[in-house]
Amino acid sequence: MLRLVALSVLACAPVGLLAAAGCSSDEESQGMVSVDPGGTYGAEISLAVTGRGRVISTTGTSIDCPSRCYGRLVVDDKTATGAPQSVKLKAIPTPGTRFLGWSFESQQLGTRGRGSDRCNPVTRPTITPSVDTSAAEITLPFGEVEGAPPAANAGECAPTYTVPLAYRVVAKFESEATIADSGSDAGTGGEVFAQPPQVGAVAKDIGIAQSSYLYWRWDGAGISGVSTSSTFGTPSPQTVQSSTSTITLFDVEQYGAVWQRADGTLSFVTGGSTSPTSLSGAPTCVALAIDSSGVSCRTAGPAGQIVSWTLGGTGPTTQFTNVPTGYDLASDTSYYYWSNDPGSFGAGSTSYATRPGPGDGGTFNPIASGRTMPQKLLTNGSRLLWLETNGAQATAYANSSRFSATAYAAVGPLAGLVYIAPDVSSSYVWAATTSAIYRGIYTGSQTQAFRTGLVGVGGIAVDSSYVYWTQSDGRVYRASRSGF
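All residue numbers here refer to positions counted from 1 along the written sequence of the relevant chain. Per-residue local features of the predicted model are confined to residues with pLDDT of at least 70, and side-chain atom pairs are confined, for both listing and counting, to 80 or more; whole-chain, interface and lining totals are unaffected and use all residues. Side-chain descriptors were evaluated using all non-hydrogen atoms of the structure, hydrogens and water having been removed beforehand.

**So, the overall build of the protein chain**
Then step 1. Helix and strand content of the protein chain: 1 helix and 40 strands.
Then step 2. Here the protein chain holds 484 residues, and 56% of them are scored as buried.
Then step 3. Once local pairs closer than 6 in sequence are excluded, the contacts in the protein chain between residues at least 24 apart make up 54%.
Then step 4. Areas reported as accessible are Shrake-Rupley estimates using a 1.4 Å probe. Residue values count occlusion only from the protein chains shown. Approximately 17500 Å² of the protein chain is accessible, and the part contributed by carbon and sulfur atoms is 49%. By definition, any uninterrupted DSSP run of H or I lasting at least four residues is a helix, any uninterrupted run of E lasting at least two residues is a strand, and each is numbered from the N terminus. Three labels apply to residues, based on accessible area from a 1.4 Å probe with only protein chains included: buried if under 20% of the type maximum, exposed if over 50%, partly exposed otherwise in between. Note on contacts: a residue pair is in contact if any heavy atoms of the two residues lie within 4.5 Å.

**A word on the sheet that holds strand β22 (residues 287-291)**
Then step 1. Here 4 strands make up an open sheet; going across it, the order is β22-β23-β24-β25 and the pairing antiparallel. In this open sheet, the two edge strands, each paired with only one partner strand, are β22 and β25 (317-323). Within this sheet the neighbouring strands show an average axis-to-axis angle of 15°, counted without direction.
Then step 2. Examined bridge by bridge, strand β24 (residues 304-309) and β25 share 4 bridges and lie antiparallel to one another. Note on β25: the bridge partner recorded for I306 is F320. Following DSSP output, two strands are said to pair if at least two bridges run between them. Here an axis means a line fitted to C-alpha atoms, over the contact stretch when the element is a helix, while the angle between two N-to-C directions is reported on a 0 to 180 degree scale.

**Let's talk about the packing of aromatic side chains**
Then step 1. Ring geometry is summarised as follows: Phe, Tyr and Trp rings, the Trp one being its six-membered ring, pair when their centres sit within 6.5 Å, and such pairs are stacked at plane angles under 30 degrees, edge-to-face over 60 and tilted between the two. Applying the stated criterion across every chain yields a total of 14 aromatic pairs.
Then step 2. Both rings, one in F193 and one in Y468, keep their centres 5.5 Å apart while their planes meet at 85°; by these two values the pair is edge-to-face. Placement of F193 in strand β13 (residues 191-194) and of Y468 in strand β39 (residues 466-470) is noted, with a sequence separation of 275 residues between them.
Then step 3. Its relative accessible area of 4% is what places F193 among the buried residues.
Then step 4. Their ring planes at 45° and their centres at 6.3 Å tell us that Y337 and F403 sit as a pair that is tilted.

**Comments concerning the sheet that holds strand β10 (residues 137-141)**
Then step 1. Strand order in the open sheet formed by 4 strands is β4-β3-β6-β10, and the pairing between neighbours is antiparallel. Only two strands of the sheet have a single neighbouring strand rather than two, namely β4 (64-65) and β10.
Then step 2. Strand direction decides the pairing type here: strand β6 (residues 86-93) and β10, joined by 5 bridges, are antiparallel. Its bridge partner being in β10, K90 is matched across the sheet by E137.

**Overview of the nonpolar core**
Then step 1. Among the nonpolar cores identified, the biggest contains 25 residues, and I45, L47, V55, L89, W102, L140 and V169 are the most heavily contacted of them.
Then step 2. Counting residues per element, the ones that place at least two in this core are β2 (41-50), β5 (70-75), β6, β7 (97-104), β10 and β12 (162-175).
Then step 3. Once residues lying within four places of it in the same chain are set aside, the contact partners of V55 are L47, V49, I63, D64, C65, L89, K90, A91, W102, A171 and F173.
Then step 4. By size, the runner-up hydrophobic cluster in this structure holds 15 residues, among which are L387, A394, I420 and A431. Nonpolar core, defined: a set of buried Ala, Val, Leu, Ile, Met, Phe, Trp, Tyr and Cys residues in which side-chain atoms within 4.5 Å join the residues together.

**Examining the environment of S275**
Then step 1. Structurally, S275 can be placed in the loop between β20 (266-270) and β21 (277-279).
Then step 2. Separated by 35 residues in the primary sequence, S275 and V240 place their C-alpha atoms 6.3 Å from one another.
Then step 3. The residues contacting S275, other than those within four sequence positions of it, are F268 and V269.

**Considerations on the pattern of salt bridges**
Any two side chains of opposite charge can pair, given that their charged atoms come close.
Then step 1. Any Lys or Arg side-chain nitrogen found within 4 Å of a carboxyl oxygen on Asp or Glu counts as a salt bridge. Following the criterion strictly, the structure yields 15 salt bridges and no others.
Then step 2. Taking the shortest distance from any N to any O, the salt bridge between E44 and R72 comes out at 2.1 Å. With E44 in strand β2 and R72 in strand β5, this residue pair connects regions lying 28 residues apart in the sequence.
Then step 3. On the basis of relative accessible area, E44 is assigned to the buried category, the value being 0%.
Then step 4. Taking the shortest distance from any N to any O, the salt bridge between K204 and D219 comes out at 2.7 Å.

**With respect to the side chain of S243**
Then step 1. Considering the arrangement of structural elements, one finds S243 in strand β17 (residues 238-243).
Then step 2. Accessibility expressed as a relative area gives 14% for S243, which makes it buried.
Then step 3. From its side chain, S243 meets the backbone nitrogen of S245 in a polar contact 3.0 Å long.
Then step 4. Those residues in contact with S243, other than ones at most four positions away along the chain, are G222, I223, S224 and R261. Counting of polar contacts relies on pairs of N or O atoms within 3.5 Å, with two restrictions inside protein: one atom must be capable of donating a hydrogen and the other of accepting it, and residues adjacent in sequence are counted only when both atoms are side-chain atoms.

**Remarks on the state of the cysteines**
One way to say it: the disulfide is the covalent bond shared by the sulfur atoms of two cysteines.
Then step 1. The disulfide criterion used throughout: a pair of cysteine sulfur atoms within 2.5 Å. The tally for this structure, following the rule as stated, stands at 3 disulfides.
Then step 2. With its sulfur 2.1 Å from that of its partner, C65 forms a disulfide with C69. Residues C65 and C69 share a disulfide whose torsion about the S-S bond is about 90°; that sign makes it right-handed. Taken individually, C65 and C69 each receive the classification buried, so the pair is uniform in this respect.

**A word on the side chain of R371**
Then step 1. For R371, the position within the fold is in strand β29 (residues 365-371).
Then step 2. On the accessibility criterion, R371 (15% relative accessible area) is buried.
Then step 3. Engagement of the side chain of R371 in a polar contact is seen with the side chain of E388, the distance being 2.7 Å.

**Comments concerning the pairing of strand β19 (residues 256-261)**
Then step 1. With 6 of its 6 residues buried, β19 lies for the most part within the structure.
Then step 2. Both faces of β19 are covered, namely the face carrying G256, V258 and Q260 and the face carrying A257, W259 and R261.
Then step 3. Looking at chain direction, strand β18 (residues 247-252) and β19 are connected through 5 bridges and run antiparallel. Across the sheet, L249 pairs through a bridge with Q260, a residue of β19.
Then step 4. A loop of 3 residues connects β18 with β19, the two strands running antiparallel in sequence.
Then step 5. As judged from the 5 bridges shared by β19 and β20, these two strands associate in the antiparallel manner. Directly across from W259, in β20, lies its bridge partner S267.

Dropping the structure here:
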């Protein structure tokens, strides 16, 4: 019997454990499913598009990146009659750009194997195929590999850790003309992308959803609000919500944006939407997350909870109890991630737990223990990113893979580092002070100043062409990353 499983989903500014960085965090873009994933012979493919261009799959999966940047196609085994044996990818430049070529990132990745939760995640290496990296169309063969289950359970998991091949592909496009900043303040830090929504507004946190939509929050003259604009074409900012009740929490993930006001109202929008949905029964949250499964809220520890709502508004449902003290939460449809902060230096950790939770506290699995006050935790699908403070200085860290205890100082240490953002390439990490923006390599080999001399930076976001940031003057700015 032929059993063919094909899966393709919306991804971030392509990111993922098996979705390119910059993104998101949904189940399929991570290559993780919460049930037996079926066959073990085939391919899991994630795409990252750098520059203005498009990648589609002409056989096998429905990849159409940068909107759908992950594909999974597996069969029971290589003898299955009629099963496809490969996936073809085709690069399509946007008018005015040219295709520069393909590259393949090599690293250990986690995926869901056929075993129980005790046997997952299964880690295995990505594959670099023998293809013409300058050709517009390439073929990625099928296959399977024996991964590694959690070391403590290797014996009992031995029959269940064969998994499909994994490819992590980057397609690079370049403008045929030099991309340069424009606008009245070009060359002085960046161009104005969006004007203040009202006089006296202060622009704060900002992020990118669905690879193409900026969301940011602002405060001013007794009003607190959320605005949005597409990153393509002429900016057209719109106010999503405004209220006299101050926004106390705000988070933008690949799937959308979520926020809570001081009056307790919890609201969200999916990427591209300007119509927020309010959720009932929300407690006072200390951290928020959103993915394709729904919205999640972390309450204060040391006996905190993680509760969730579906995108249809059903909930709240208690996922975990007895969550330790901390102020971070990230999620995909397979896992929750958080940082624990008992309030002493060197005592914190980043942790994860399989979702959905059992509702009775569950098992919390430390990823990186003994950290120095980890905070601002986020996942780009490939790895976790966070900040650690030590006195007046802070450092942006990234681990080598999403479940790895090995952490690298990607940016810093620098005085006043307070913001962190992922990149469409999983190799880069961006961080900022209130007056400067920096980029680092996740392995810690290089930190570069991207912009300095800024005033009142309130948040940063990055896509394949630009860096965006908010300032205390209420504006959103952007600067081309061409040549950087």
